[in-house]
Amino acid sequence: WLTGQSGSPYYNFLQQLNNFGPPDLVLWNHGQQDYSDTTGSAYQTGLIQLYTGFLTACGKTAAQLPMVVFVSGAYAGSNTYATQIRQAQIDACSTPGIRRGPDYVGMTTIDGTHLDTAHYVLMARRAVGFAMNALLPLSTSASTN
C-alpha cells in the first residue's frame, strides 16, 4: 500500500492527483485484511510515511492538507493484529495533520466485519461530519481538532 506500483493506494492517489489536482482533504479508510501481515508499529510508520508522501506529491503542508483516518473497528480481543493496527491508527493521529476519524466500534455488522446497511449510512454521515470539521481552519471556534 506504500508503493507506487499500479493498484496500490498510493499509486491510486497519485493517479487522482494527476487527473484532478491536489485535494483539500484525504480520507483514509483501510481494511484490516489489507495489512494482516504487519505489526502495529510498522503500520503506524507506514501510515505516517504515506501521509508525508501525499504532502510531498501535493506540495502542501500538514496545515494545508489534513488526513482523516477511519479507525478500524471490527476487531476481537483475540485478533492481535487487528487490535495492534487499530491502536497504530489512533497513535498516528498524534502526527500533525493526521486526524482521527470515525470508527466502527459498537455498530452492527452482518458478518463480524462489514456493517449492515443502516450503519453504513450512519458511517457516511459521520464521515461527512469529520471531513467538514477537518476542512475548517484550526482557528475556527467550531473546530474540535
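Residues numbered from 1 in each chain as written. Predicted model: local features only at pLDDT ≥ 70, side-chain atom pairs only at ≥ 80, totals over all residues. Heavy atoms only, no water.

A closer look at the packing of helix 1 (residues 9–20) against helix 2 (residues 40–58)
Angle between the axes and distance between the axes: these two values describe a pair of packed helices.
So, point 1. Here helix 1 crosses helix 2 at 20 degrees, and the two axes come no closer than 11 Å. As the angle between them shows, helix 1 and helix 2 are arranged roughly parallel. Seen from above, helix 1 lies across helix 2 with right-handed handedness. Contacts from Tyr-10, Phe-13, Leu-14 and Leu-17 in helix 1 reach Leu-50, Gly-53, Phe-54, Ala-57 and Cys-58 in helix 2.
So, point 2. Of the residues belonging to the contact of helix 1 with helix 2, the class tally is eight nonpolar, one polar and no charged. (Axes fitted to C-alpha atoms, helices over the stretch in contact; angles between N-to-C directions. Helix = DSSP H or I, 4+ residues; strand = E, 2+ residues; numbered from the N terminus. Parallel < 35°, antiparallel > 145°, perpendicular 65-115°, else oblique. Left-handed = near helix turned anticlockwise from the far one by under 90°. Contact = heavy atoms within 4.5 Å. Nonpolar A, V, L, I, M, F, W, Y, C, P; charged D, E, K, R; others polar.)

A word on helix 2
So, point 1. Here helix 2 contains 19 residues, and its C-alpha end-to-end distance of 27 Å stays within 8% of the 27 Å for a straight helix at 1.5 Å per residue.
So, point 2. Within the span of helix 2, buried status applies to Gly-40, Tyr-43, Gly-46, Leu-47, Leu-50, Tyr-51, Gly-53, Phe-54, Leu-55 and Cys-58.
So, point 3. Looking one or two residues past helix 2, Gly-59 carries a phi angle of roughly 65 degrees, positive in sign. (Expected span 1.5 Å × (residues − 1). Buried < 20%, exposed > 50% of the residue type's maximum accessible area, 1.4 Å probe, protein only.)

Considerations on the sheet that holds strand 3 (residues 98–103)
So, point 1. One open sheet accounts for three strands, arranged 1-2-3; its pairing is parallel. Only two strands of the sheet have a single neighbouring strand rather than two, namely strand 1 (26–28) and strand 3. Looking at each pair of strands side by side, their axes are set apart by 25 degrees on average, direction ignored.
So, point 2. When strand 1 meets strand 2 (residues 67–71), the two strands line up parallel, connected through three bridges. (Pairing = 2+ DSSP bridges.)

Concerning the nonpolar core
So, point 1. Formed by 20 residues in total, the largest nonpolar core has its most connected members in Trp-28, Leu-47, Phe-54, Met-67 and Val-69.
So, point 2. Every element with two or more residues in this core is listed here: helix 1, strand 1, helix 2, strand 2 and helix 3 (80–92).
So, point 3. Ranked by residue count, the leading element in this core is helix 2, at seven residues.
So, point 4. In contact with Phe-54, other than residues within four places in its own chain, are Tyr-10, Phe-13, Val-26, Trp-28, Leu-65 and Met-67.
So, point 5. Among the nonpolar cores identified, the runner-up in size contains six residues, and Phe-70, Tyr-104, Met-123 and Ala-127 belong to it. (Core = buried A, V, L, I, M, F, W, Y, C linked by side-chain atoms within 4.5 Å.)

Keep in mind these values describe shape, not function.
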